[in-house]
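So you can see what is in the structure, the chains are spelled out below.
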Amino acid sequence: MMVIFTNAFKGNVSDEIAINSDIVVSVYPGLTENNESVTNMFTLNNNTFSVEETYKVVVARLNGAKVK
């Protein structure tokens, strides 16, 4: 299932990023270089995506909850 999040990386055409919940291996909170909170998702293909949603919101949405 594709889940849409707010990309923490700025500079793209859109702030949205769609991540396939089937390939997410782990989810953990982190900080940017500017000490801003992000949630990181590590995937099966060794990529890490950082999003603005909180850790608990990310986990809930990856599990199918309708949380904004």
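Small disclaimer: the values here were computed from a predicted structure and weren't measured.

Draft legend 1. A look at the overall build of the chain. What the chain contains, in helices and strands, is 1 helix and 5 strands. Secondary structure elements of the chain occur, N-terminal to C-terminal, as β-β-β-β-β-α. At 11 Å, the chain has a C-alpha radius of gyration in line with the 11 Å of a compact globule built from 68 residues. Counting across all 68 residues of the chain, residues that qualify as buried make up 29%. Sequence separation of at least 24 residues holds for 31% of the intrachain contacts in the chain that already meet a minimum separation of 6. Carbon together with sulfur atoms contributes 52% to the accessible area of the chain, which is approximately 4700 Å² in total. Counting 5 positive and 7 negative side-chain charges, the chain places the averaged centre of each group 11 Å from the other.

Draft legend 2. Looking closely at the layout of surface pockets. As a volume, the largest pocket reaches approximately 210 Å³. The class makeup of the residues in the lining of the largest pocket is 3 nonpolar, 3 polar and 4 charged.

Draft legend 3. Geometry of the nonpolar core. Judged by nonpolar contacts, Val3, Phe5, Ile17, Ile19, Val24, Val27, Met41, Val51, Val58 and Leu62 together constitute the single largest core of 10 residues. Elements that contribute at least two residues to this core include exactly β1 (2–6), β2 (16–20), β3 (24–31) and α1 (55–62).

About the cut-offs
- Residues numbered from 1 in each chain as written.
- Predicted model: local features only at pLDDT ≥ 70, side-chain atom pairs only at ≥ 80, totals over all residues.
- Heavy atoms only, no water.
- Helix = DSSP H or I, 4+ residues; strand = E, 2+ residues; numbered from the N terminus.
- Rg over C-alpha atoms; globule rule 2.2 N^0.38 Å.
- Buried < 20%, exposed > 50% of the residue type's maximum accessible area, 1.4 Å probe, protein only.
- Contact = heavy atoms within 4.5 Å.
- Areas by Shrake-Rupley, 256 points an atom, 1.4 Å probe, with all protein chains shown as cover.
- Lys, Arg positive; Asp, Glu negative; His and termini not counted.
- Charge placed at Lys NZ, Arg CZ, Asp CG, Glu CD.
- 1 Å grid on protein atoms, 1.4 Å probe; cavity = no way out; pocket = protein on both sides within 12 Å on 5 of 7 lines; lining within 4 Å.
- Points joined across faces, edges and corners; volume = space filled by probe spheres on them.
- Nonpolar A, V, L, I, M, F, W, Y, C, P; charged D, E, K, R; others polar.
- Core = buried A, V, L, I, M, F, W, Y, C linked by side-chain atoms within 4.5 Å.

On their own, these measurements won't tell you what the molecule is for.
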